[in-house]
Amino acid sequence: MFSFVALGFLVAGIAAASSSSCIGTISSLDDVSSAIECTTVNINAFTVPAGQTFKLQLLDGTTVNVLGEIQFGNMSWAGPLFEVIGNDITFNGNNQRWDGGGPFYWDGKGASAGIKKPHPMMEILISGTLNDVYVVNSPAHAFSILNPGPLTISGVTVDDSQGNYPNAQSGKVAAARNTDGFDVVGDNLVIQKSIVFNQDDCLAINMGTNITFADNYCEGGHGISIGSISSNVVVSDVEISGNNVVGSAYSFRIKTDTYATNSAVQNVTYIANTATNCTYYGVLITQSYPSNMGTPGNGVTISDINFNPGTTSLTANDGAYRVAVNCGSGSCTGNWDWSGLETSGGKAGSIINNNVITGFTQ
């Protein structure tokens, strides 16, 4: 009897293993439920119907291969357009385009006004790797990263450059707005060797620890940001290194909400970045968000913000501020070694309630 029972378990185990090691193919949303029972999922070109989320709830260890362009039908709704969930996932985008249909939605009013815009376009809730995903024309925010475990993102492109120009819906202003590249809430994350053309933050870290943003290119938009920081959150152990920021309103920014409490931003290091043609503020650290230099709050502690090692060079356009710091009373603390920050052009901004910056003068 024992041998038959043991054999039964063995056969069941082999059957389970063989069923999950299949290759699932997705050519429409109708294929998703069967494809995600496999640990290899191939996605062919297709159009996602308007008003529906393309959602992948993957088995642990799944490899996804994108083999064709993904388009999304146009409809005013909340979104997201795409959502992927799983652990230890290998997601190979193969530089196939994901087209969010932005021009249908872009009206110059952004995510919270005007036409209802589905966002984020790409909601990423995986650990593992995500490579070579190519997004164009996101209606609003492009990527929302809420990784459940360590995740490395490489070679991603976000191209919302078409939104730099007015259209029939926006009048005389740029059509796209609030097109954040990467919005981050997560720990143990690396984003590297990626390209973002947009009209808002290239990176916005809202919460998380052990985050690296390295060797990326950001053009237009609002540069590399931490925040805005609301109440009861922590951002810590962040490295911003080797990035190139071009023609952005802000290059490097930390923004905490005026009335935020019980939060902290700590141990942020900027290493060997380059920023050129900054149009508003090169470096801005403010505790009066959404105002840049309003009355600051002091419910968020900002500590150990360093531009060192390496040289971060920044060039501001005429009329732009090179550096401005707006701390609340007693809330900017620790070591702030800015000896690696070199600035030129523009004009000096104010430094308020901060006597801990060393190695830098304007």
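Residues numbered from 1 in each chain as written. Predicted model: local features only at pLDDT ≥ 70, side-chain atom pairs only at ≥ 80, totals over all residues. Heavy atoms only, no water.

1. Let's talk about the overall build of the chain
Item 1. Counting secondary structure elements, the chain contains 3 helices and 32 strands.
Item 2. Taking the principal axes of its C-alpha atoms as reference, the chain extends roughly 80 × 55 × 35 Å.
Item 3. Within the chain, the fraction of its 362 residues that count as buried is 51%.
Item 4. Contacts in the chain between residues at least 24 apart in sequence constitute 66% of all its contacts with a sequence separation of at least 6.
Item 5. For the chain, the computed accessible surface area is about 14300 Å², with 51% contributed by carbon and sulfur atoms.
Item 6. With 12 positive and 27 negative side-chain charges, the chain shows a spacing of 13 Å between the two charge centroids. (Helix = DSSP H or I, 4+ residues; strand = E, 2+ residues; numbered from the N terminus. Buried < 20%, exposed > 50% of the residue type's maximum accessible area, 1.4 Å probe, protein only. Contact = heavy atoms within 4.5 Å. Areas by Shrake-Rupley, 256 points an atom, 1.4 Å probe, with all protein chains shown as cover. Lys, Arg positive; Asp, Glu negative; His and termini not counted. Charge placed at Lys NZ, Arg CZ, Asp CG, Glu CD.)

2. Structural notes on the pattern of salt bridges
Item 1. Overall, the coordinates contain 5 salt bridges when judged by the stated rule.
Item 2. Across the pair Lys55 and Glu83 runs a salt bridge, and its minimum N-O distance is 3.8 Å. Of this pair, Lys55 sits in strand β4 (residues 54-57) while Glu83 sits in strand β7 (residues 82-92), and the two are 28 residues apart along the sequence.
Item 3. You can call Lys55 partly exposed: its relative accessible area is 40%.
Item 4. With its nearest N and O atoms 3.1 Å apart, the salt bridge here joins Arg253 to Asp201. (Salt bridge = Lys/Arg side-chain N within 4 Å of Asp/Glu carboxyl O.)

3. Some remarks on the packing of aromatic side chains
Item 1. Counted by the stated rule, this structure contains 21 aromatic pairs.
Item 2. Look at Phe182 and Phe213: their rings are 6.5 Å apart centre to centre, the planes differ by 70°, and that puts the pair in the edge-to-face class. You can see Phe182 sitting in strand β14 (residues 182-185) and its partner Phe213 sitting in strand β17 (residues 203-214), a full 31 residues away along the chain.
Item 3. Assessed through its relative accessible area of 0%, Phe182 is described here as buried.
Item 4. Residue classification places Phe213 among the buried positions, given a relative accessible area of 1%.
Item 5. Relative to Phe307, the ring of Phe252 lies with its centre 6.4 Å away and its plane at 70°, an arrangement referred to as edge-to-face. You can see Phe252 sitting in strand β22 (residues 250-257) and its partner Phe307 sitting in the loop between β26 (300-306) and β27 (312-326), a full 55 residues away along the chain.
Item 6. Exposure remark for Phe252: the relative accessible area of 1% places this residue in the buried category.
Item 7. Residue class for Phe307 comes out buried when judged on its relative accessible area of 1%.
Item 8. A connected cluster of aromatic rings, assembled from ring pairs, spans Phe46, Phe54, Phe72, Phe82, Phe91 and Trp98. (Phe/Tyr/Trp six-rings, centres within 6.5 Å; stacked < 30°, edge-to-face > 60°.)

4. Thoughts on the state of the cysteines
Item 1. Counting across every chain of the model gives 3 disulfides.
Item 2. Note that Cys22 is cross-linked by a disulfide to Cys38, the S-S spacing being 1.9 Å. Its torsion about the S-S bond being -100°, the disulfide of Cys22 and Cys38 is classed as left-handed. Here Cys22, found in the loop between α1 (2-20) and β1 (23-26), pairs with Cys38, found in the loop between α2 (32-35) and β2 (40-43); they are 16 residues apart in sequence, far enough to count as distant.
Item 3. Take Cys38: its relative accessible area is 6%, and that puts it in the buried class. (Disulfide = S-S within 2.5 Å.)

5. What to know about the pairing of strand β5 (residues 63-66)
Item 1. Relative to β5, β2 is paired through 4 bridges, and the arrangement is parallel. Paired with Ile43 across the two strands is Val66, which belongs to β5.
Item 2. Of the pairings in the sheet, the one linking β5 to β7 comprises 3 bridges and is parallel in character. For Asn65, the partnering residue across the bridge sits in β7 and is Asn92. (Pairing = 2+ DSSP bridges.)

6. Here's the deal with the confidence of the model for the chain
Item 1. Confidence in the prediction of the chain, expressed as mean pLDDT, is 95, and 95% of residues score 70 or more.
Item 2. Contacts of residues 1-18 to residues separated by more than four positions or lying in other chains number 0 contacts, the stretch itself having pLDDT below 50. (pLDDT = per-residue confidence, 0-100.)

7. Observations regarding the environment of Leu203
Item 1. Along the polypeptide, Leu203 turns up in strand β17.
Item 2. A sequence separation of 100 residues divides Leu203 from Pro103, and the C-alpha atoms of the two residues are 22 Å apart.
Item 3. Contact partners of Leu203, with chain neighbours within four places excluded, come to Phe182, Val184, Ile191, Phe213, Gly223, Ile224, Ser225 and Ile240.

8. Here we look at the environment of Tyr105
Item 1. Relative to the helices and strands, Tyr105 resides in helix α3 (residues 102-105).
Item 2. Along the chain, Tyr105 and Pro139 lie 34 residues apart, while their C-alpha atoms are 5.9 Å from each other.
Item 3. Setting aside its immediate chain neighbours within four residues, Tyr105 contacts Gly73, Asn74, Met75, Ser76, Gly100, Ile115, Lys116, Lys117, Pro118, Pro139 and Gln169.
Item 4. A distance of 2.9 Å separates the side chain of Tyr105 from the backbone nitrogen of Met75, its partner in a polar contact. (Polar contact = N/O pair within 3.5 Å; in protein donor to acceptor, adjacent residues only side chain to side chain.)

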